[in-house]
Amino acid sequence: QVQLVESGGGLVQAGGSLRLSCVASGRTFSNYAMGWFRQAPGKERDFVAAIRSSGSRTNTADSVKGRFTISRDNAKNTVYLQMNSLKPEDTAVYYCAAAQGAWYTGSDSNQYDFWGQGTQVTVSS
């Protein structure tokens, strides 16, 4: 089992920035690809970004490309999501997830094996 705990969410004005963190425990973090997803009220969970276990490759959804950046620090068992130029439509609960496929950077949520509880991000206009 891998336990994931997100933090860093909150209320921010449009145009502002937040950095989300997700700390992993329980297994060797560097063996897992990591992803971020989000879910707005009444909507399905959407892919945001993913990063390989080594950090050598990333994938970012078109809706956030150029504004959001995923990164990881394997020494700290942590994956980050830097969010800049936030928009009201970015409001959602953000979840991090771990995939046993170390090279996976795709958007299919079924490929992710472990999930955190989520952190709320609210962007006011």
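Whatever comes next refers back to the structure up there.
Residues numbered from 1 in each chain as written. Predicted model: local features only at pLDDT ≥ 70, side-chain atom pairs only at ≥ 80, totals over all residues. Heavy atoms only, no water.

(A) Structural detail: empty space enclosed by the protein. Counting across every chain of the model gives one cavity of 30 Å³ or more. Estimates place the volume of the largest cavity at around 30 Å³. Taken together, Val-2, Leu-4, Ala-24, Arg-27, Thr-28, Phe-29, Tyr-32, Met-34 and Ala-98 make up the lining of the largest cavity. Across the lining of the largest cavity, the residue classes tally to seven nonpolar, one polar and one charged. (1 Å grid on protein atoms, 1.4 Å probe; cavity = no way out; pocket = protein on both sides within 12 Å on 5 of 7 lines; lining within 4 Å. Points joined across faces, edges and corners; volume = space filled by probe spheres on them. Nonpolar A, V, L, I, M, F, W, Y, C, P; charged D, E, K, R; others polar.)

(B) Representation of the side chain of Asp-90 within the structure. When you line up the elements, Asp-90 lands in the loop between β8 (78-83) and β9 (92-99). A polar side-chain atom of Asp-90 sits 2.8 Å from the main-chain amide nitrogen of Lys-87. Ignoring sequence-local partners within four residues, the contact set of Asp-90 consists of Arg-38, Val-64, Arg-67, Phe-68, Ser-85, Val-121 and Val-123. (Helix = DSSP H or I, 4+ residues; strand = E, 2+ residues; numbered from the N terminus. Polar contact = N/O pair within 3.5 Å; in protein donor to acceptor, adjacent residues only side chain to side chain. Contact = heavy atoms within 4.5 Å.)

(C) Focus on the state of the cysteines. On inspection of all chains with the given rule, the structure shows one disulfide. Each disulfide pairs two cysteine sulfurs, and for Cys-22 the partner residue is Cys-96, the sulfurs being separated by 1.9 Å. Taking the sign of the torsion about the S-S bond as the criterion, the disulfide between Cys-22 and Cys-96, at about 40 degrees, is right-handed. Residue Cys-22 is found in strand β3 (residues 18-25), and its partner Cys-96 is found in strand β9; the two are separated by 74 residues along the sequence. Pair check on accessibility: Cys-22 and Cys-96 agree, each one buried. (Disulfide = S-S within 2.5 Å. Buried < 20%, exposed > 50% of the residue type's maximum accessible area, 1.4 Å probe, protein only.)

(D) Spatial organisation of the sheet that holds β3. Strand order in this open sheet of four strands is β1-β3-β8-β7, and the pairing throughout is antiparallel. The two strands at the open ends of the sheet, each matched to only one other strand, are β1 (3-7) and β7 (68-73). Along the sheet, successive strands turn relative to each other by an average axial angle of 15 degrees, direction set aside. As defined by bridge partners, β1 adjoins β3 across five bridges and the pair is classed as antiparallel. Bridging from a neighbouring strand, Gln-3 pairs with Ser-25 of β3. (Pairing = 2+ DSSP bridges. Axes fitted to C-alpha atoms, helices over the stretch in contact; angles between N-to-C directions.)

Purely spatial values, then, with no claim about function.
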